[in-house]
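Examination of the molecular architecture
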Amino acid sequence: MKSLAIFLFPGVQTLDLFGPVELLGGFEDRIAMTLVAETPAPVVTRHGQRVVPNKTIEDGTDYDILLIPGGDRAIAAGRRPAATKWIVATCEKAELIMTVCTGSILLAMTGVLDGRRATTNKQDFRDTIPLGPAVDWVAEARWVRDGKIYTSSGVSAGMDMTLAVLADLFGEHEAEKRADGIEYQWHKNPTWDPFAAKAGLGAA
């Protein structure tokens, strides 16, 4: 059984969070998900849903997998020392780290992505990547894997990345079954990224 921490912050993007959760939830016999926030109070998402965390950052950093979704206020979370300290400590122990959208920027602000290849939301790409100046940002990618860290582009890209992670953990057939189970068309090619061109970004 793998333990998975999902970091919540106020303003978290709804699909960034619930898209991967829907996919990961199909492996409840192999992955135990824990919603972790800075406080025990319900976390209000970008679209107003109130999500109750299971634990807080004070409850420890011992998780096999870390998922950091994005959202407009991810950068604000990256400026809170308690949050970034917990992320760094959790990443040190984790076997695998996943970020969605501006969750990549949040991780970059901690220094964990320094010297690694990564990607993030293309609409905000130019405005946000300066917050991670030591990261090798890939402008054209659906998701990027660098060692144990997977980073994905905007919002729905997190679902394709999550399926790639599930394929790496349990085999492609299992990931395909999960995608079929929710009637989702999985983009398996991590370099498939029509949104980079739409955002006026050049190739990686």
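For the structure, check the block above.
Attention here is on the structure that accompanies the text. (Residues numbered from 1 in each chain as written. Predicted model: local features only at pLDDT ≥ 70, side-chain atom pairs only at ≥ 80, totals over all residues. Heavy atoms only, no water.)

1. Thoughts on the overall build of the protein chain
Put simply, the rule is: In this description a helix means any DSSP run of H or I spanning at least four residues, a strand means any run of E spanning at least two, and both kinds are numbered starting from the N terminus. Atoms considered for the radius of gyration are the C-alpha atoms alone. The globule rule reads 2.2 Å times the number of residues to the power 0.38. Relative accessibility thresholds used throughout: buried, under 20% of the residue-type maximum; exposed, over 50%; partly exposed, between the two (1.4 Å probe, protein chains only). A contact between two residues is defined here by any heavy atoms of the two lying within 4.5 Å.
When its secondary structure is counted, the protein chain shows 8 helices and 11 strands. A compact globule built from 204 residues should have a C-alpha radius of gyration of about 17 Å, and the protein chain, at 15 Å, falls within 12% of that. Counting only C-alpha atoms, the protein chain reaches 40 × 40 × 35 Å along its principal axes. The buried share of the protein chain, reckoned over its 204 residues, is 52%. Of the contacts formed within the protein chain by residues at least 6 apart in sequence, a portion of 68% connects residues at least 24 apart.

2. Some thoughts on the nonpolar core
The condition that has to hold: We define a nonpolar core as any set of buried Ala, Val, Leu, Ile, Met, Phe, Trp, Tyr and Cys residues linked to one another through side-chain atoms lying within 4.5 Å.
Membership of the largest hydrophobic core comes to 62 residues, with the highest contact counts inside it found for Phe7, Trp86 and Ile87. Per-element tally for this core: the top contributor is helix α6 (residues 157-170), with 7 residues. When neighbours within four sequence positions are excluded, Trp86 is seen to be in contact with Ala5, Phe7, Val36, Ile57, Gly60, Thr61, Tyr63 and Leu66.

3. Quick look at the sheet that holds strand β2 (residues 31-37)
Filter applied, for reference: When DSSP finds two or more bridges between two strands, those strands count as paired.
A sheet is described by the order of its strands in space; here 7 strands give the open sequence β5-β2-β1-β6-β7-β11-β10, paired in mixed fashion. Sheet topology places β5 (55-56) and β10 (143-146) at the edges, where each strand pairs with a single neighbour. Pairing between strand β6 (residues 65-68) and strand β7 (residues 96-99): 4 bridges, direction parallel. Paired with Leu66 across the bridge in β7 is Ile97.

4. Focus on the pairing of β10
Two elements, β10 and strand β11 (residues 149-152), share 4 bridges in a ladder whose sense is antiparallel. Bridge pairing links Arg145 to Tyr150 in β11. Linking β10 to β11, which pair antiparallel, is a turn of 2 residues; within it Gly147 sits at a positive phi near 65°.

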